[in-house]
Amino acid sequence: MSRNKGSLWRGIKRIATRVIVTLLGVWVIGIGLFAFLPVPFSAVMAERQLGAWLSGDFHYVAHSDWVGHDEISPWMALAVVASEDQKFPTHWGFDVDAIESVLDSEGTRMRGASTLSQQTAKNLFLWDGRSWLRKGLEAGLTVGIETVWTKRRILTVYLNIAEFGEGIFGVEAASQRYFHKPASRLTIAEAALLAAVLPNPIRFRADAPSGYVRQRQQWIMRQMRQLGGEGFLQRNHLD
């Protein structure tokens with residue numbers, strides 16, 4: 001009996017090892033390829049789609065339209081930096097001060113400390129939710145994309161895979177859905193409104209913004225102006 005248990009345990013370890021090695025390989029290849037190729041879908045998109053099918057919702061479609069950096073309004077890039085990660089041009093993937101602040105105040109809640117680089121790594125390669133295992137994997141993947149990708153590339157991928165509503169992923173799909181025009185033509189107010197829903201795009205809606213979302217939109221616009229507008233992107237080679 002003990003011999004059978006030992007054999008079973010060794011088999012499980014071999015399978016687990018192969019799964020881990022396969023995932024690492026996929027992640028390494030993905031970081032390399034997506035440094036210059038369009039991203040067809042993200043892990044979060046796949047998770048949302050699979051969850052809808054398993055719940056019996058066959059009408060849900062996780063939709064995204066890839067667009068290059070030059071096809072996205074500069075206001076949109078500035079809006080997400082102003083609202084989500086103002087130290088994005090200068091940090092190495094992690095905002096240490098923000099992490100320490102969150103840990104000191106809440107102990108286990110890490111969402112508020114996530115940089116755009118971390119969110120990109122999580123959305124692209126990992127599952128949604130909160131756990132220290134996921135945060136550990138996210139940290140490793142963040143180092144990978146910060147090492148291989150430029151800041152401009154990270155921002156482009158982030159804007160193409162971010163969730164802006166139910167089934168709506170990427171700024172082009174969001175712009176077409178909510179404003180009936182391409183992402184290249186988004187105004188400062190429209191960009192700020194889209195950025196305002198990012199903390200919780202299922203609860204907050206760009207097509208029916210609550211008072212809180214409107215207040216957040218105005219705050220983001222003030223932050224964009226205080227950063228220096230489009231000049232901030234140019235100074236930091238994000239334009």
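To keep things clear, this report deals only with the structure shown in the data block. (Residues numbered from 1 in each chain as written. Predicted model: local features only at pLDDT ≥ 70, side-chain atom pairs only at ≥ 80, totals over all residues. Heavy atoms only, no water.)

### Here's the deal with the overall build of the protein chain
Then, in step 1: Tallying secondary structure elements over the protein chain gives eleven helices and three strands in all.
Then, in step 2: Here the protein chain holds 239 residues, and the buried ones make up 48% of them.
Then, in step 3: Excluding contacts between residues fewer than 6 apart, the proportion of contacts in the protein chain whose partners are at least 24 apart in sequence is 68%.
Then, in step 4: Carbon and sulfur atoms make up 58% of the accessible area of the protein chain, which totals about 12,700 Å². (Helix = DSSP H or I, 4+ residues; strand = E, 2+ residues; numbered from the N terminus. Buried < 20%, exposed > 50% of the residue type's maximum accessible area, 1.4 Å probe, protein only. Contact = heavy atoms within 4.5 Å. Areas by Shrake-Rupley, 256 points an atom, 1.4 Å probe, with all protein chains shown as cover.)

### Description of the sheet that holds strand 2 (residues 163-165)
Two orientations exist for strands paired in a sheet by backbone hydrogen bonds: parallel and antiparallel.
Then, in step 1: A sheet is described by the order of its strands in space; here three strands give the open sequence 1-3-2, paired in mixed fashion. If you trace the sheet from one side to the other, it starts and ends with strand 1 (63-64) and strand 2, each paired once.
Then, in step 2: Relative to strand 3 (residues 168-169), strand 1 runs parallel, the two sharing two bridges. For Ser-64, the partnering residue across the bridge sits in strand 3 and is Phe-169. (Pairing = 2+ DSSP bridges.)

### As for unusual backbone geometry
Then, in step 1: Within the chain, His-180 stands out as a residue other than glycine whose phi angle is a positive 60°.
Then, in step 2: The residue His-180 is located in the loop between helix 8 (171-179) and helix 9 (188-196) in this model.
Then, in step 3: Given a relative accessible area of 66%, His-180 falls into the exposed group.
Then, in step 4: In this model, His-237 sits at a positive phi of 60°, which is unusual for a non-glycine residue.
Then, in step 5: With respect to the helices, strands and loops of the structure, His-237 is situated in the segment after helix 11 (230-235).
Then, in step 6: On the accessibility criterion, His-237 (62% relative accessible area) is exposed.

### What to know about the side chain of His-69
Then, in step 1: Among the secondary structure elements, His-69 is positioned in the loop between strand 1 and helix 3 (74-84).
Then, in step 2: His-69 sits in the buried class, given a relative accessible area of 14%.
Then, in step 3: A distance of 3.0 Å separates the side chain of His-69 from the side chain of Thr-156, its partner in a polar contact. (Polar contact = N/O pair within 3.5 Å; in protein donor to acceptor, adjacent residues only side chain to side chain.)

### Some remarks on helix 8
Then, in step 1: For helix 8, the buried fraction is high: seven of the nine residues fall into the buried class.
Then, in step 2: Those residues of helix 8 not exposed but buried are Val-171, Glu-172, Ala-173, Ala-174, Ser-175, Tyr-178 and Phe-179.
Then, in step 3: Turning to helix 8, the residues buried within the fold contact strand 1, helix 3, helix 7 (151-161), strand 2, strand 3 and helix 9.
Then, in step 4: Looking one or two residues beyond helix 8, the residue adopting positive phi is His-180, at roughly 60°.

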